[in-house]
Amino acid sequence: MSVSSIILIVMAVILSLSVLALLIISAVLCIMLSYPKRFTKEFTHRCDVEKGLIDIEIENYERKPYIITMSDGYLIHADFIPYHNSKKFVIIAHGYTWDKEGSLKYAKVFHSLGYNCIIYDERSHGDNKHKAVTMGAKESRDLHEIIQHSYRRYGSDIHIGLHGESLGAATVLLSARYNDKIDFIISDCAYADLTELLKYKLNLMHLSHFLLKICAVYLFVFQHYRLNKIKPAEAAKNIKCPVLIIHGAMDDFIPPEHAEKIFQNIPSKKNIILFDNANHSESIIKDPVRYKNAVSSFLADI
């Protein structure tokens with residue numbers, strides 16, 4: 001065998017191994033994105049207790065659990081925390097890997113302001129069946145159906161607002177495409193564009209952005225959504241109600257630039273607040289008094 005033939009064979013092997021490596025790495029990234037570790041509700045509850053975010057007042061809330069069946073048959077577990085004789089409602093969406101127990105700290109803020117609170121486990125989180133997380137694609141449709149279910153369950157004359165944290169905030173923004181009757185939106189540390197966020201993550205790992213092209217194919221084939229369509233900042237252009245954007249100024253998981261992009265695209269009444277020294281999902285932790293005051297002032301102004 002000639003030297004040139006050996007070189008060609010070696011090059012072909014190297015190329016094949018490189019392609020295989022790309023496919024494997026992309027598959028692993030997609031699996032990590034779609035099937036994250038799920039924390040138990042006992043763990044998430046205990047975390048917020050240890051941080052001083054859940055006290056005896058919250059522990060004594062009346063909580064009425066119920067299950068909502070989505071149009072695709074998927075079951076969503078929710079809790080209703082009533083504020084009697086109030087027509088004001090807020091639906092709170094938790095963050096990635098967390099569950100509805102993590103929404104209690106926000107429910108405390110709204111409940112103290114006279115709101116009935118609906119907290120729920122997002123798709124593939126908490127008590128729900130473990131399926132793929134779609135980063136807002138199916139979750140935003142779920143939220144749309146939860147909103148419609150809430151009007152049917154509690155009356156067409158109620159007033160509903162939305163609050164979301166991280167993935168929940170992105171979900172809230174993406175749900176704007178359904179044009180539901182919503183009185184306000186509070187988005188806490190949402191990503192503006194999932195593709196751009198993943199590029200940022202790949203940069204930290206010194207990996208090529210080309211991996212996202214392969215990931216996009218995987219996600220479309222196996223999870224049935226398009227990666228390049230998960231753009232909460234773009235969806236924000238459809239919002240008609242007042243919006244409050246909250247983000248940690250020191251957030252290195254979803255940089256605050258994402259909040260700025262979302263804010264710029266909102267055509268309705270809006271405000272943005274950055275919390276100094278707060279990392280991802282830490283705004284209410286670092287300064288709970290300011291957080292409550294910000295929410296209270298925003299709601300009073302609308």
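This text gives an overview of the structure that appears in the document. Worth saying up front: this structure is predicted, and the values here are computed from it rather than measured.

Cut-offs and rules
- All chains use their own residue numbering, which begins from 1 and follows the written sequence.
- Totals for whole chains, interfaces and linings use all residues, but because this is a predicted model, local features are given only for residues with pLDDT of at least 70 and pairs of side-chain atoms are given and counted only at 80 or more.
- Side-chain measures were taken over the full set of non-hydrogen atoms in the model, leaving aside hydrogen atoms and water.
- Salt bridges, as used here, are contacts in which a Lys or Arg side-chain nitrogen is within 4 Å of a carboxyl oxygen on Asp or Glu.
- Think of it this way: any DSSP run of H or I at least four residues long counts as a helix, any run of E at least two long counts as a strand, and we number them from the N terminus.
- A 1.4 Å probe rolled over the protein chains alone gives each residue an accessible area, and that area as a share of the maximum for its type sets the label: buried under 20%, exposed over 50%, partly exposed in between.
- Pairing between two strands is assigned when DSSP locates at least 2 bridges connecting them.
- Crossovers are described as right-handed under a simple rule: with the strands pointing away from the observer, the path leading from the first strand over the helix to the second runs clockwise.
- Between N-to-C directions, angles span 0 to 180 degrees; the directions come from axes that are lines fitted to C-alpha atoms, helices contributing only their stretch in contact.
- Note on definitions: a residue-residue contact is assigned when non-hydrogen atoms from the two residues lie within 4.5 Å.
- Side-chain atoms within 4.5 Å link the members of a nonpolar core, which is a set of buried Ala, Val, Leu, Ile, Met, Phe, Trp, Tyr and Cys residues.
- Two distance rules govern patches: like charges are joined within 9 Å, and nonpolar side chains (Val, Leu, Ile, Met, Phe, Trp, Tyr) within 5 Å, applied only to residues with over 30% relative accessible area and no salt bridge.
- Using the Shrake-Rupley algorithm and a 1.4 Å probe, accessible areas are obtained, with residue cover drawn only from the displayed protein chains.
- Only protein atoms enter the 1 Å grid, on which a cavity is a set of points fitting a 1.4 Å probe that cannot get out and a pocket is an open set with protein on both sides within 12 Å along at least 5 of 7 lines, lining residues being those with an atom within 4 Å of a point.
- Grid points are joined across faces, edges and corners, and a volume is the space filled by probe spheres set on the points.
- Three categories are distinguished: nonpolar for Ala, Val, Leu, Ile, Met, Phe, Trp, Tyr, Cys and Pro, charged for Asp, Glu, Lys and Arg, and polar for the others, with Gly belonging to the last.
- When we speak of the arc, we mean the arc of directions from the helix axis to the C-beta atoms.
- In this analysis, rings of Phe, Tyr and Trp, with Trp reduced to its six-membered ring, are considered paired at centre separations within 6.5 Å, and the interplanar angle assigns stacked below 30 degrees, edge-to-face beyond 60, and tilted for intermediate values.
- Two conditions define a charge sitting above a ring: the NZ of Lys or the CZ of Arg must be within 6 Å of the ring centre, and it must be within 35 degrees of the ring normal.

Re the pattern of salt bridges
Part 1: In total, this model carries 16 salt bridges according to the counting rule given.
Part 2: Between R46 and E50 there is a salt bridge whose closest N-O contact spans 4.0 Å. On the criterion of helical spacing, the pair formed by R46 and E50 is a turn pair, its members being 4 residues apart in helix α2 (residues 41–50).
Part 3: For E196, the salt bridge goes to K199, with nearest N and O atoms at 3.5 Å. One end of the pair is E196 and the other is K199, both in helix α7 (residues 194–204) and 3 residues apart, which spans about a single turn.
Part 4: The class for K199 is partly exposed, based on a relative accessible area of 26%.

Focus: unusual backbone geometry
Part 1: A positive phi is found at M135, a non-glycine position, where the angle reads about 55°.
Part 2: Overall, M135 belongs to the buried group, its relative accessible area being 5%.
Part 3: At N277, a position not held by glycine, the phi torsion is positive, near 65°.
Part 4: Its location among the elements puts N277 in the loop between β8 (270–275) and α11 (283–286).

Comments concerning the pairing of strand β7 (residues 243–248)
Part 1: Taken across its 6 residues, β7 has 6 buried, putting it largely inside the fold.
Part 2: Neither face of β7 is open: one carries V243, I245 and H247, the other L244, I246 and G248, and all of them are buried.
Part 3: In this structure, β7 lies alongside β8, joined through 6 bridges in parallel fashion. For G248, the partnering residue across the bridge sits in β8 and is F275.
Part 4: What joins β7 to β8 is helix α10 (residues 257–265), and the crossover it makes is right-handed.

Side note on the sheet that holds β8
Part 1: Spatial ordering of the open sheet is given by β1-β2-β4-β3-β5-β6-β7-β8, a layout of 8 strands whose pairing is mixed. Both edges of this open sheet fall to β1 (64–69) and β8, since each of them pairs with a single strand only. Between one strand and the next, the sheet's axes are offset by a mean angle of 20°, whatever the strand orientation.
Part 2: Bridge count for β1 against strand β2 (residues 75–81) is 6 bridges, and the pairing is antiparallel. Bridge pairing links P65 to D79 in β2.
Part 3: Each of β3 (88–93), β5 (159–165) and β6 (184–188) touches helix α6 (residues 167–174); the most contacted strand, β5, lies at about 140° to it.

Focus on the nonpolar core
Part 1: I91, I160, L162, I185 and I262 are the most contacted members of the largest nonpolar core, which has 38 residues in total.
Part 2: In this view, L162 contacts V90, I91, L143, I147, V172, S175, I182, F184, I185 and I186; residues no more than four positions away in its chain are not counted.
Part 3: Within the second largest apolar cluster, 27 residues are counted, among which are Y61, V90, A107 and Y115.

Considering a nonpolar patch on the surface
Part 1: A cluster of nonpolar side chains, contributed by L20, I24, V28 and M32, occupies part of the molecular surface with about 370 Å² of accessible area.
Part 2: Tracing the backbone through its elements, the reader meets V28 in helix α1 (residues 3–34).

What about the layout of surface pockets?
Take a probe with the size of a water molecule and roll it over the atoms, and the empty space left behind shows itself.
Part 1: Estimates place the volume of the largest pocket at around 480 Å³.
Part 2: The wall of the largest pocket is formed by 21 residues, among which L29, L33, Y96, L198 and K201 lie closest to the centre.
Part 3: Looking at the lining of the largest pocket, the elements with two or more residues in it are α1, α7 and α8 (210–223).
Part 4: Looking at the lining of the largest pocket residue by residue, the classes come out as 19 nonpolar, 1 polar and 1 charged.
Part 5: Its boundaries defined by the atoms lining it, the second largest pocket holds a volume of some 310 Å³.
Part 6: Considering the residues around the second largest pocket, the lining is formed by 14 residues, among which Y96, W98, E165, H280 and S281 are closest to the centre.

Structural notes on α10
Part 1: All of the buried residues along α10 are H258, A259, I262 and F263. Take α10 and look down its axis: the buried residues cluster within an arc of 135°, on one side only.
Part 2: On its buried face, α10 is in contact with α6, α7, α9 (232–235), β7 and β8.

Description of the packing of aromatic side chains
Part 1: Inspection of the entire model under this criterion finds 13 aromatic pairs.
Part 2: Summarising the aromatic geometry, the rings of F39 and F43 are spaced 5.0 Å apart at their centres and angled 20° between planes, so their arrangement reads as stacked.
Part 3: For F43, a relative accessible area of 28% translates into the label partly exposed.
Part 4: Arranged with centres 6.2 Å apart and planes meeting at 35°, the rings of Y218 and F222 form a pair that is tilted. Placement of both Y218 and F222 in helix α8 is noted, with a separation of 4 residues, approximately one turn of the helix.
Part 5: Within the aromatic cluster, the residues linked to one another by ring pairs are F110, Y115, F184 and F298.
Part 6: Over the ring of Y66 we find R153; its NZ or CZ atom is 3.9 Å from the centre of that ring.
Part 7: Lying over the aromatic face of F275, R290 brings its terminal NZ or CZ to 4.5 Å of the ring centre.

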